[in-house]
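# Observations on chain architecture
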Amino acid sequence: MAWRGWAQRGWGCGRAWAPPAGGRSCEELTAALAPPRLLGRRFNFFIQQKCGFRKAPRKVEPRRSDTGTTGETYKRSALIPPVEETVFYPSPYPIRTLIKPLFFTVGFTGCAFGSAAIWQYESLKSRVQSYFDGIKADWLDSIRPQKEGDFRKEINKWWNNLSDGQRTVTGIIAANVFVFCLWRVPSLQRTMIRYFTSNPASKVLCSPMLLSTFSHFSLFHMAANMYVLWSFSSSIVNILGQEQFMAVYLSAGVISNFVSYVCKVATGRYGPSLGASGAIMTVLAAVCTKIPEGRLAIIFLPMFTFTAGNALKAIIAMDTAGMILGWKFFDHAAHLGGALFGIWYITYGHELIWKNREPLVKIWHEMRTNGPKKGGGSK
């Protein structure tokens, strides 16, 4: 081979080797004889050993990376962004990695349901005022001259024709589209990988558990998830209500990511994950559990229908197999965690959590009614 013949010429290069008659040094002769494609990093060490006794370059130690691998090349799915692959040394006590995410999951879930209960209370209080405001607005529209081709009027008409569930998920879809656009900004790539992909090997563990729920790198991935969410939005909001649905959806995103963390730490298969699939699996599982006889169809095969109960069983079986066998295209642990949370919540969680929100609502009502008490001594 050509590079082997060139390498043998270097055996004569040393301290005792005299420069040729042109005044060229050993380094200059080596650079002149070497083909350009062989002066890469792979051959630097070999050239230095043959041409002198220079100090070897310092060995660069692998550092802990936000992308985190276990020494093997991480086989990246097409749905996640390209990340720098570096060696990751797992902690000798990997269970400690899960302590902060566990507290974050419990605390965030509690705050989500508490905020939803207060939100529902405030919504009920303002419903009467909103009703009269609506009557007044309709009366003003009737006496106001109508503008032909009014774009704002068309938007309002479209919005009023949406169901409550579709109005609710419109904000979620808008947030996902916004984050998807941020992925297209080159200067934000490092920030997006750090905060909008969940990975137990990352330095940032907690906030990505929520932010990655609104993060998609692939347009097809985002479109498929948002289509499923839009399709099930009316059913799930009719079952849970707008406020309870938002609490369940946000909590499901964090809980499914925590299950993914546990699986990655247990198996040592570290890698970034992102997408709303875990939270959407909770919505799908809740609807299928509540309405098992409903008819569903695949997006691209609408002619084949099946019951919601059978679809849920098939999805759980597939994700269980994918988690055990280590399939890497999807985060099957997050999917399975979201589905199990949806089944549990619609069966038991609604009774245990949402129907016991009354003490919190009473405390909030007293705070709003009485206000801060003024201090002062007795007269």
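Residues numbered from 1 in each chain as written. Predicted model: local features only at pLDDT ≥ 70, side-chain atom pairs only at ≥ 80, totals over all residues. Heavy atoms only, no water.

### Quick notes on the side chain of Thr105
To keep it simple, the criterion reads: Secondary structure counts use DSSP, requiring at least four H or I residues in a row for a helix and at least two E residues in a row for a strand, with both numbered from the N terminus. Only heavy atoms matter for contacts: two residues are in contact if any of them lie within 4.5 Å across the pair.
Within the element layout of this structure, Thr105 appears in helix α4 (residues 99-143). What Thr105 contacts, discounting residues up to four positions off in sequence, is Met209, Val254, Ile255 and Phe258.

### A few points about the pattern of salt bridges
Spelled out, the test is: A pair is scored as a salt bridge if a Lys or Arg side-chain nitrogen falls within 4 Å of a carboxyl oxygen belonging to Asp or Glu. Think of it in three bands: with a 1.4 Å probe and only protein chains considered, a residue is buried below 20% of the maximum accessible area for its type, exposed above 50%, and partly exposed in between.
This structure, assessed with the given rule, holds 4 salt bridges. Among the salt bridges present, the one from Lys264 reaches Asp331, with a minimum N-O distance of 4.0 Å. One end of the pair, Lys264, is in helix α10 (residues 242-267); the other, Asp331, is in the loop between α12 (308-325) and α13 (332-352), and 67 residues separate them in sequence. For Lys355, the salt bridge is made with Glu351, and the minimal N-O distance between the two is 3.1 Å. By relative accessible area, which is 47% here, Lys355 ends up partly exposed.

### Some words on the nonpolar core
Inside soluble globular proteins, nonpolar side chains tend to come together where they are buried. Condition: Put simply, a nonpolar core is a bunch of buried Ala, Val, Leu, Ile, Met, Phe, Trp, Tyr and Cys residues held in one set by side-chain atoms that sit within 4.5 Å of each other.
The biggest cluster of nonpolar side chains holds 60 residues, and the ones touching the most others in it are Trp183, Leu229, Ile236, Phe245 and Tyr249. Broken down by secondary-structure element, the contributors of at least two residues to this core are α4, α6 (164-183), α7 (189-195), α9 (219-240), α10, α11 (277-290), α12 and α13. With 11 residues, α10 is the single largest residue contributor to this core. Contacts of Ile236, omitting those with residues within four sequence positions, involve Gly241, Phe245, Val283, Ala286 and Val287.

### Comments concerning α6
Inclusion rule: The length a helix should cover is 1.5 Å for every residue beyond the first. Throughout, bend refers to the angle between the axes fitted to the seven residues that end at a position and the seven residues that start at it.
With 20 residues, α6 ought to run about 28 Å at 1.5 Å a step, and its terminal C-alpha atoms sit 30 Å apart, in line with that. Along α6, the sharpest kink reaches roughly 25°, centred on Thr170. Those residues of α6 lying buried are Gly165, Gln166, Thr168, Val169, Ile172, Ile173, Asn176, Val179, Phe180, Leu182 and Trp183. Residues of α6 that are buried make contact with α7, α9 and α10.

### Some words on the packing of α10 against α13
What counts is decided by this rule: Comment: axis = line fitted to C-alpha atoms, over the contacting stretch for helices; angle = value between 0 and 180 degrees taken between N-to-C directions. Any angle that is under 35 degrees is reported as roughly parallel, and any over 145 degrees as roughly antiparallel; angles of 65 to 115 degrees are reported as roughly perpendicular and all others as oblique. For any helix crossing, the convention is left-handed if the near helix is rotated counterclockwise from the far helix by under a right angle, and right-handed if that rotation is clockwise. Lys, Arg, Asp and Glu make up the charged group, whereas Ala, Val, Leu, Ile, Met, Phe, Trp, Tyr, Cys and Pro make up the nonpolar group; the residues left over, Gly among them, are polar.
For the pair α10 and α13, the least separation of the axes is 8 Å and the interaxial angle reads 135°. Looking at the two axes, α10 sits oblique to α13. You can see that α10 and α13 cross each other, and the crossing is right-handed. On α13, the residues touching Gln244, Val248, Ala252, Ile255, Ser256, Val259, Ser260 and Cys263 of α10 are Ala333, Ala334, Gly337, Gly338, Phe341, Tyr345 and His350. In the contact of α10 with α13, the residues fall into 9 nonpolar, 6 polar and no charged.

### A few points about the environment of Trp327
Summarising the element assignment, Trp327 is placed in the loop between α12 and α13. Not counting chain neighbours up to four residues away, the residues in contact with Trp327 comprise Met318, Ala321, Gly322 and His332.

### Description of the UniProt feature "transmembrane region" (unreviewed entry) in the protein chain
Our working rule: UniProt positions are given in the numbering used here, feature names are shortened, and annotations may be inferred rather than shown by experiment.
Under the local residue numbering, the UniProt record ascribes the feature "transmembrane region" (unreviewed entry) to residues 102-121, 165-183, 204-224, 244-262, 298-317 and 329-347. The straight-line gap between the two end C-alpha atoms of residues 165-183 is 28 Å; of that span, 100% is helix and 0% is strand. Annotation note: span residues 244-262, helix share 100%, strand share 0%, distance between end C-alpha atoms 27 Å.

### Digging into the environment of Asp164
Counting through the fold element by element, Asp164 comes out in helix α6. When the C-alpha positions of Asp164 and Asn238 are compared, they lie 8.1 Å apart, and in sequence the two are 74 residues distant.

### Observations concerning the packing of aromatic side chains
The condition that has to hold: Stacked, tilted and edge-to-face are the three classes assigned to paired rings of Phe, Tyr and Trp, where Trp is represented by its six-membered ring and a pair needs centres within 6.5 Å; plane angles under 30 degrees give stacked, over 60 edge-to-face, the rest tilted. Either the NZ atom of lysine or the CZ atom of arginine qualifies as a charge over a ring when it sits within 6 Å of the ring centre and within 35 degrees of the ring normal.
Here the structure, examined in full by the defined rule, presents 8 aromatic pairs. Residues Phe341 and Tyr345 carry aromatic rings whose centres are separated by 6.1 Å and whose planes lie at 40° to one another, so their mutual orientation is tilted. Highlighted residues: Phe341 and Tyr345, both in helix α13, separated by 4 residues, approximately one helical turn. Accessibility expressed as a relative area gives 12% for Phe341, which makes it buried. Through pairs of rings, three or more aromatic residues link up here, namely Phe113, Phe341, Trp344 and Tyr345. Lying across the ring of Phe217, Arg184 places its NZ or CZ 5.0 Å from the centre.

### Considering the environment of Leu182
With respect to the helices, strands and loops of the structure, Leu182 is situated in helix α6. A C-alpha to C-alpha distance of 9.4 Å links Leu182 and Ser215, two positions 33 residues apart in sequence.

### A word on a nonpolar patch on the surface
Short version of the rule: Patch membership requires more than 30% relative accessible area and the absence of a salt bridge. Residues of like charge join within 9 Å; the nonpolar side chains Val, Leu, Ile, Met, Phe, Trp and Tyr join within 5 Å. Residue-level accessible areas treat just the shown protein chains as cover; the underlying method is Shrake-Rupley with a 1.4 Å probe.
A surface patch of nonpolar side chains, about 900 Å² in accessible area, is lined by Phe220, Tyr227, Ile298, Ile299, Phe300, Leu301, Met303 and Phe304. By the element assignment, Leu301 lies in the loop between β1 (295-297) and β2 (305-307). Its relative accessible area of 38% is what places Leu301 among the partly exposed residues.

### Quick word on the confidence of the model for the protein chain
Applied cut-off: Per-residue confidence from the prediction method is given by pLDDT, with values spanning 0 to 100.
Averaged over the protein chain, the pLDDT score is 76; the fraction of residues at 70 or greater is 68%. Note that residues 26-56 has pLDDT below 50 and, in this model, 33 contacts with residues that lie over four places away or in other chains. Across residues 60-74 the pLDDT falls below 50, and counting only partners more than four positions away or on other chains, this stretch makes 44 contacts in the model.

### A short note on the side chain of Ser212
Short version of the rule: As used in this structure description, the phrase polar contact means that two N or O atoms lie within 3.5 Å; if the pair is within protein, one of them must be able to donate a hydrogen and the other to accept it, and residues adjacent in sequence are counted only when both atoms belong to side chains.
Position of Ser212 among the secondary structure elements: in the loop between α8 (207-211) and α9. Look at Ser212 and you get buried, because its relative accessible area is 0%. In this structure the side chain of Ser212 is engaged in a polar contact, spanning 3.2 Å, whose partner is the side chain of Asn257. Discounting residues that sit within four places of it in the chain, Ser212 has contacts with Phe196, Thr197, Ser198, Asn257, Ser273, Leu274 and Gly275.

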